[in-house]
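Structural overview for review
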Amino acid sequence: MDKADIVVIPAGLPRKPGMKREDLVGVNASVACEVAFAAREVCPGAMLAFITNPINVIVPIVATILKAKGTYDPNRLFGVTTLDVVRAQTFVADILNVNPQKVKIPVIGGHTGRTILPILSQCDPPLKGTDKEREALIQRIQNAGTEVVNAKDGLGSATLSMAYAAAQFVSSLIKGIKGSKDECIVECAYVESDVTEAEFFATPLILGPQGVKENTGLPDLDDDERQALDCMLPILKESIAKGIKLGEGMMSSCA
Ligand SMILES: NC(=O)c1ccc[n+]([C@@H]2O[C@H](COP(=O)([O-])OP(=O)(O)OC[C@H]3O[C@@H](n4cnc5c(N)ncnc54)[C@H](O)[C@@H]3O)[C@@H](O)[C@H]2O)c1
Ligand SMILES: O=C(O)C[C@H](O)C(=O)O
């Protein structure tokens, strides 16, 4: 890790069938801040990309600790939510019978249950379908992680698809660092944000040499999506408050 520009953190316990991602916070919070502290010792200024669950809580924990230590840069701390986008692309591509890599679809919010909000109204190519079909698709995207955890029956969570998603996200971070003038590098990720009343929130981000170059904000939303956003915000805010409180409590144990 010495002098690394990017540190990707996949360490931690995966859930077992019947568990929620938040059930992992007791064990994984300490993993997250130990790794973050080590990274700050040997590669201050590195971009930190956390895969460790529960993302919605882990990122606020790490931000709180780093803030207190004076080493926090909100543009360089990411919760990796790329897998939600990859899933949305894949399931939409199945329906449209197109190459998943050609599907563009923002997924906003956080990384669990209803906080995962795929914005189907902005899908390119456009997606048609009844309200019932759209609702089923949204639920499939939101529950895909649980589907894998159940299928693996105690042997872990999504591995290959996560590796693919992480490779895509990190490639984009690298392209951003290299500062390609001709290319606008955009990825959704869970970062500190003032886009909604949730202090951390995933939206499409333009990446550059310093990490987040620009937060593009909320995509256009239809009425159902706006309602889903309103429903998700209290859930997300509760997780964030929990993360901040845990982060404050963990300062001495992680140092
Ligand atoms: N963000 C996402 O979309 C996403 C997707 C998949 C998995 N995850 C999360 O990633 C984490 C890992 O999941 P997995 O399925 O790869 O689990 P896994 O058990 O296959 O791998 C976890 C690895 O972390 C290591 N580890 C555990 N505690 C550690 C510590 N204290 N220090 C260093 N290494 C440690 C283990 O030795 C193991 O190699 C879980 O928290 C899981 O929920 C997130
Ligand atoms: O679902 C999990 O526990 C792992 C990961 O968050 C996923 O979405 O696959």
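Each value, and the rule that gives it
Residues numbered from 1 in each chain as written. Chains lettered and ligands numbered in written order. Predicted model: local features only at pLDDT ≥ 70, side-chain atom pairs only at ≥ 80, totals over all residues. Heavy atoms only, no water. Helix = DSSP H or I, 4+ residues; strand = E, 2+ residues; numbered from the N terminus. Rg over C-alpha atoms; globule rule 2.2 N^0.38 Å. Buried < 20%, exposed > 50% of the residue type's maximum accessible area, 1.4 Å probe, protein only. Contact = heavy atoms within 4.5 Å. Areas by Shrake-Rupley, 256 points an atom, 1.4 Å probe, with all protein chains shown as cover. Lys, Arg positive; Asp, Glu negative; His and termini not counted. Charge placed at Lys NZ, Arg CZ, Asp CG, Glu CD. Domains from an automatic or database assignment. Buried area = accessible area lost by both parts, 1.4 Å probe. Salt bridge = Lys/Arg side-chain N within 4 Å of Asp/Glu carboxyl O. Polar contact = N/O pair within 3.5 Å; in protein donor to acceptor, adjacent residues only side chain to side chain. UniProt positions renumbered as here; feature names shortened; annotations may be inferred. Near = heavy atom within 4 Å. Nonpolar A, V, L, I, M, F, W, Y, C, P; charged D, E, K, R; others polar.

Quick look at the overall build of the chain
Scanning the chain for helices and strands turns up 6 helices and 8 strands. Secondary structure elements of the chain occur, N-terminal to C-terminal, as β-α-β-α-β-α-β-β-α-α-β-β-β-α. Relative to its length of 255 residues, the chain is compact, with a C-alpha radius of gyration of 17 Å against a globular reference of 18 Å. With respect to the three principal axes, the spread of C-alpha positions in the chain is 55 × 45 × 35 Å. In the chain, buried positions account for 49% of the 255 residues. Long-range contacts, defined here as pairs at least 24 residues apart, represent 67% of the contacts in the chain between residues at least 6 apart. Surface summary for the chain: the accessible area is close to 12200 Å², and the carbon and sulfur share equals 53%. Computed over 26 positive and 31 negative side-chain charges, the separation of the two mean positions in the chain equals 4 Å.

Notes on the domain arrangement of the chain
Interface extent is often summarised as the accessible area lost during association of the parts. In terms of domain boundaries, the chain breaks down into domain 1 (6-80 + 240-250) and domain 2 (82-236). Computed over C-alpha atoms, the centres of domain 1 and domain 2 are 20 Å apart. Between domain 1 and domain 2, the residue contacts involve 28 residues of the former and 36 residues of the latter. Roughly 2700 Å² of surface becomes buried between domain 1 and domain 2 when both sides are summed, with 63% attributable to carbon and sulfur atoms. Summed over the three residues of domain 1 that lose the most area to domain 2, namely Arg 21, Asn 56 and Ile 240, the buried surface amounts to 23% of that side. There are 1 salt bridge connecting domain 1 and domain 2. Glu 192 is the partner of Lys 67 in a salt bridge, and the nearest nitrogen-oxygen pair spans 3.8 Å. In this assembly, domain 1 and domain 2 are joined by 10 residue pairs in polar contact (both at pLDDT 80 or more). Taken together, the elements giving at least two residues each to the side of domain 1 that touches domain 2 come down to strand S1 (6-9), strand S2 (47-50), helix H2 (55-68), strand S3 (77-79) and helix H6 (223-254). Per element, the largest residue contribution to the side of domain 1 that touches domain 2 is 6 residues, and it comes from H2.

Structural notes on the UniProt feature "binding site: NAD(+)" (unreviewed entry) in the chain
The positions UniProt marks with the feature "binding site: NAD(+)" (unreviewed entry) are Asn 28, Ile 51, Thr 52, Asn 53 and Met 162. A distance of 2.8 Å separates the side chain of Asn 28 from the backbone nitrogen of Leu 13, its partner in a polar contact. Tracing the backbone through its elements, the reader meets Met 162 in helix H5 (residues 160-178). Overall, the relative accessible area of 13% leaves Met 162 in the buried class. The contacts of Met 162, once residues within four sequence positions are left out, are Ile 51, Val 80 and Leu 83.

Overview of unusual backbone geometry
At the junction of Asn 53 and Pro 54, the peptide bond is cis and its omega measures out at 0 degrees in the coordinates. The residue Pro 54 is located in the loop between S2 and H2 in this model. Here Asp 124 and Pro 125 are connected by a cis peptide whose omega angle stands at 5 degrees. Summarising the element assignment, Pro 125 is placed in the loop between strand S5 (116-118) and helix H4 (131-152). If you check the backbone angles, Asp 153 has positive phi at about 50 degrees while not being a glycine. Tracing the backbone shows Asp 153 in the loop between H4 and H5.

Brief notes about the site of ligand 1
Close to ligand 1 lie 18 residues; Leu 13, Ile 51, Asn 53, Ser 157 and Met 162 are nearest. Between ligand 1 and the protein, one listed contact pairs a nitrogen atom with a backbone N or O atom of Ile 51 at 3.1 Å. The side chain of His 111 places a nitrogen or oxygen atom 3.3 Å from an oxygen atom of ligand 1. Bound to the protein, ligand 1 loses 61% of the 860 Å² it would expose on its own. In terms of residue class, the shell around ligand 1 is built from 12 nonpolar, 6 polar and no charged. Here the shell around ligand 1 spans two domains, since at least three of its residues come from each of domain 1 (6-80 + 240-250) and domain 2 (82-236).

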